[in-house]
Amino acid sequence: MVRYFYYHVIYVGLINIMLFVPYTLIQNRFHGAVPAIVISIFLGTALAYVTISLYLKFPEMGLPEILNTYLPRTLALTLILLTTVLWFSGGMLVIYSYSRTIQQFFNPDMNPYLFSSLMIAAAIWGGTRCTRTVQFAQEIVLFACAPLILALIMKAIFSKWLSWDAIRITAGYVKTMPSFLSLAAAMFVFAGFNTLAVFNRLVPADTKIRFRWIIPVFCTLIMLISFFVPIGFHGTVGVGQYVYIWSITADSMIMEYGFIQRVLYVFLLLFTALTLMFAMNTWHSAAEFLKSCHPKHRPKTEQYPVPASNWWINASFGGLTLLYAFWADDSRNEWTSHIWLYARFSADLLAVVVFSLILLLKLRPKQQNKQTVPKSASSDS
Amino acid sequence: MLEQIKQLFDESTDLFTETLDNGYWPMEIAYFPAMCDERIKDGILIPYSYRFDPDEFRRMLHSNPKYERADNPDEWPNLLLKGYALIKLEETCYSFKSDRTLYTQPDETQLESSLQGPQSAFTEDLELNAYLLRKRYNVPTLSVEPYEKGSLSRTAIFVVYDRKLVNPSVLELLRKRLDKVNIELLQSTGQLIKELTDKNHLFFPTLLQSERPDKVAVMLSRGKVAVLINGSRFALLLPVRLFDFMHAMDDDYESFWISRFLIVMRYVAVLLTIVLPAAYIGIVSYNPEIFRIQLAFTIDGSRAGVPYPSFIEVFIMLFMIEALIEASIRLPKSVGSAATTVGGLILGQAAQQAGLVSSIMIIVTSVVAISNYVIPNHTFSQAIRLMKYWFILISMIYGVSGIAVLFFALIVYLCHLRSFGEPYLAFYGGQNDQKPQSAQRKS
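Presented here is a report on the structure given in the accompanying data block. None of these values were measured; they are calculated from a predicted model.

## Concerning the overall build of chain A
Then comes step 1: Along chain A, the regular secondary structure elements total 16 helices and zero strands.
Then comes step 2: The C-alpha atoms of chain A give 21 Å as radius of gyration, which agrees with the globular expectation for 381 residues (21 Å, within 12%).
Then comes step 3: Taken along the three principal axes of its C-alpha coordinates, chain A extends 70 × 50 × 40 Å.
Then comes step 4: Within chain A, the proportion of its 381 residues that are buried is 61%.
Then comes step 5: Within chain A, contacts between residues separated by at least 24 positions form 85% of all contacts whose residues are at least 6 apart in sequence.
Then comes step 6: When the accessible surface of chain A is totalled, it reaches about 15,100 Å², and 69% of it is carbon and sulfur.
Then comes step 7: Across chain A, the 27 positively charged side chains and the 15 negatively charged ones have centroids separated by 10 Å.

Written as structure tokens, this is what we have:
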């Protein structure tokens, strides 16, 4: 069962490209992106280790159960609703960015909302499934994607057009002052451990999540590739001119053999799968959070057939995403993504604080517990 | 006794009823001659007539397991209809089992043929099927639960499983669903499948039909449940996963690498048969730039004479191939090959030369048809056959990107399916993954 956890780590790491993480980092490449990456490797690893250990202290409980059980109702409800917004908007941003990418690079003649609605429909379809189904589907899709991921990474690293000199020059800006935005962006690559918020329900009690070194190793690798490879292809200055930086970078590579010549199409195919996986997971989690706000809700990981509430919640997510697509353009989407990255980073830190407090209070005797809960509530909010 | 039976079977002239008398005892006898075999002669008539000895006859009545007391008059019609003979001697009724079986040896495999594996298949006789299974799965823990379904046909059903390995929750669910089966004439496994599956399992089979006793034995050893039906030469297996449908018995008998190669090839074939016609539409009409330039030119060149959009071309060719497949099943065997030649070779060639379809489309159609038949299971092959039309529809609207999205949705759908509570598509390690629902705490 532990292997499912690492699938989340890997695809959340990879989806960073759709959330403007490489773009944000590259914009700040001379002003603090490199030190931010270095910090994020240590901070991200530490955060992942601590959060995983904290979740394992609450066996088979997701985030809503933990909050609902140990916190006063209003506070728990506020936190859960905020988390819902955070998770849902993650899926929303990714779907919008990917639809824009497809519109620019694949179907320029198509009505942009037509393709957005297809992506939204697929995400609703995925998000309504029960937790176990989502987990199984993630494994299968990631297995199907693995050859594409490998092909893309191999092509990128071993391309003779990759200028290692440019990479070395950019890496030299390690002694600049790290910027907070770069740090928040870089931390997203490590964010996969957060999926335990729902999927911890499926981790059996007294499981040990072993092989945690996978997180620093894979995520660091993903981050270095997604930051440095575009710089290697476009040069230290030229790289700053592109918004959809990775699509352009993928289009800089050629496959000599086979039916397809431009690596761009491999990249787009891969990110169709990754985007939908991410959207499915975030919307499913958000729907689970929202449902748990109802006082009589009992979380179930296996539901067949799926309840109608799943459909309603996910359909409204879809409607909101469509509204967002009407409102947003490239610059507004970039702005929203930045806010989202900030919010997500703060939520990660907040989660650690809240969980540690709960754990401290839980360890104390019952009598004291009742007195200290209101205190911690005021200090949190 | 006879009066009562005659009343029940009023107009049934094929029922034989008579009071026999050999000088010592009178005996009332009733049976359907059409449903009983020669055993009635050796079992009743000879010992009763010229070899008669009252002591021996009485001893035979008590010791021969084919004789059973039949004191309850309500059971008589049922027994008669199942091929038993009823006799009444000295005010006591006995039934004698003498049902005729037409099958004395196993069938040949017809749908799931294998090159070097066993060639025997199930027959339409339940007893023989149970024998075939017991012979291959020879352990005392093999349990058989008898059922009778169908208000008119009253078909006997055996639910077979290894009680040491079986998942009790699956068995419980099966019993519950069997209780709900409401059907008049149960004549084939397909009907039972429809009754046992959920309403929303519309596209993919979640129960496996197999005619091979060796396959059923392998499945039993994995803790699955088999359902045998009298009068059908297929066993039902549950719960199953998608991989079971893609598994041919030859995979177990070939050497390791050969079978791995075959399995991988089969999955590639399935991918091709689902995606290829849709991809043709997407690439020709939406994104010809995906292919390298030479290839794109070749495809476009071959379409130069075709006057309509690619999806019409696809529909023409797919209609032809589906009609051909359907025709070759219904046609008598002697005409079948002629139809294939005319339909496949001559028509295809002519359609291309007439400029109605491109030559690439002919290749696509052939690949689709051939790949579809690589799938070892017929039901699954039908499901896949239908699936490609969804991809064609989405490709008409969205092109290649639509195919990728729909493929994702298909995977989610397959993961969403459950076969008797077990996941349908998942790489997972046995029953231990079935997590107890202890996460339901107060929230």
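## Topic: the pairing of strand β5 (residues 92-97) of chain B
Residue and element names in this part refer to chain B.
Then comes step 1: Among the six residues in β5, five count as buried, and that is most of the element.
Then comes step 2: Bridge analysis of strand β3 (residues 67-69) against β5 gives three bridges, and the strand direction is antiparallel. For E68, the partnering residue across the bridge sits in β5 and is S95.
Then comes step 3: Alignment of strand β4 (residues 84-89) against β5, held across six bridges, turns out to be antiparallel. Paired with K88 across the strands is C93, a residue of β5.
Then comes step 4: The hairpin turn running from β4 into β5, its antiparallel successor, is two residues long, and E90 in that turn takes a positive phi close to 45°.

## Here we look at empty space enclosed by the protein
The probe, sized like a water molecule, is rolled over the atoms to show the empty space still left.
All names here are of chain A.
Then comes step 1: Following the criterion strictly, the structure yields five cavities of 30 Å³ or more and no others.
Then comes step 2: Taken as a whole, the largest cavity holds about 160 Å³ of empty space.
Then comes step 3: Lining the largest cavity are 14 residues, with L14, I17, L152, I153 and I225 sitting closest to its centre.
Then comes step 4: Going through the elements one at a time, α1 (2-14), α7 (131-158), α11 (214-234) and α13 (263-291) are the ones with two or more residues in the lining of the largest cavity.
Then comes step 5: Element by element, the count of residues in the lining of the largest cavity is highest for α11, at four residues.
Then comes step 6: A per-class count over the lining of the largest cavity returns eleven nonpolar, three polar and no charged.

## Observations concerning the layout of surface pockets
Residue and element names in this part refer to chain B.
Then comes step 1: Each pocket or cavity is described by its volume, and for the second largest pocket that value is around 1,100 Å³.
Then comes step 2: Of all the secondary structure elements, the ones that give two or more residues to the lining of the second largest pocket are α4 (76-81), α5 (126-136), β8 (142-149) and β9 (155-162).
Then comes step 3: No other element matches β9, which puts four residues into the lining of the second largest pocket.
Then comes step 4: Here the lining of the second largest pocket is composed, by residue class, of 16 nonpolar, eight polar and ten charged.
Then comes step 5: Mapping the lining of the second largest pocket onto the domain boundaries places at least three of its residues in each of domain 1 (2-97) and domain 2 (107-240).

## Let's talk about the interface of chain A and chain B
Then comes step 1: With 56 residues of chain A in contact, the opposing surface of chain B contributes 45 residues.
Then comes step 2: Note on chain A versus chain B: buried area summed over both sides is about 4,500 Å², and carbon and sulfur give 63% of it.
Then comes step 3: In this assembly, chain A and chain B are joined by one salt bridge.
Then comes step 4: A salt bridge links R418 of chain B to E302 of chain A; the shortest N-O distance between them is 2.5 Å.
Then comes step 5: Of all the elements in the fold, those that place two or more residues in the side of chain A that touches chain B are α1, α4 (63-70), α6 (112-127), α7 and α13 of chain A.
Then comes step 6: In terms of residues, the side of chain A that touches chain B owes the most to one element, α7 of chain A, which gives eight residues.
Then comes step 7: Of the residues in the side of chain A that touches chain B, the class split is 35 nonpolar, ten polar and eleven charged.

The rules we used
Along each chain, residue indices are assigned from 1 in the same order as the chain's sequence is written. Chain letters and ligand numbers both follow the written order, the letters beginning at A and the numbers at 1. The predicted origin of the model limits local features to residues at a pLDDT of at least 70 and limits the giving and counting of side-chain atom pairs to 80 or more, whereas totals for whole chains, interfaces and linings rest on all residues. With hydrogens and water stripped out, all remaining heavy atoms of the structure feed into the side-chain values. Numbered from the N terminus, helices here are DSSP runs of H or I no shorter than four residues, and strands are runs of E no shorter than two. In this treatment the radius of gyration is a C-alpha quantity, and the globule benchmark scales as 2.2 Å times the residue count to the 0.38 power. Exposure is judged per residue with a 1.4 Å probe applied to protein chains only, and the accessible area is read against the type maximum: over 50% gives exposed, under 20% gives buried, and values in between give partly exposed. By the convention used here, residues are in contact when the closest approach between their heavy atoms is within 4.5 Å. Calculation of accessible area relied on Shrake-Rupley with a 1.4 Å probe; when residues are assessed, cover is drawn exclusively from the protein chains displayed. Here Asp and Glu are counted as negative and Lys and Arg as positive; His is not counted, and neither are the chain ends. For charged residues, the charge sits on one atom: NZ in Lys, CZ in Arg, CG in Asp, CD in Glu. Two strands qualify as a pair provided that DSSP identifies no fewer than 2 bridges between them. A cavity, in this analysis, means grid points on a 1 Å lattice covering only the protein atoms where a 1.4 Å probe fits yet has no way out; a pocket is instead an open set bounded by protein on both sides within 12 Å along at least five of seven lines, and a residue lines either one if it has an atom within 4 Å of a point. Grid points are joined across faces, edges and corners, and a volume is the space filled by probe spheres set on the points. Under the grouping applied here, Gly and all other residues not named as nonpolar or charged are polar, the nonpolar ones being Ala, Val, Leu, Ile, Met, Phe, Trp, Tyr, Cys and Pro and the charged ones Asp, Glu, Lys and Arg. For every domain, the bounds stem from an assignment made automatically or drawn from a database. For any pair of parts, buried area is found by adding up, for both, the accessible area (1.4 Å probe) each one loses once the two are put together. Basic side-chain nitrogens of Lys or Arg form a salt bridge, by our definition, when they fall within 4 Å of a carboxyl oxygen of Asp or Glu.

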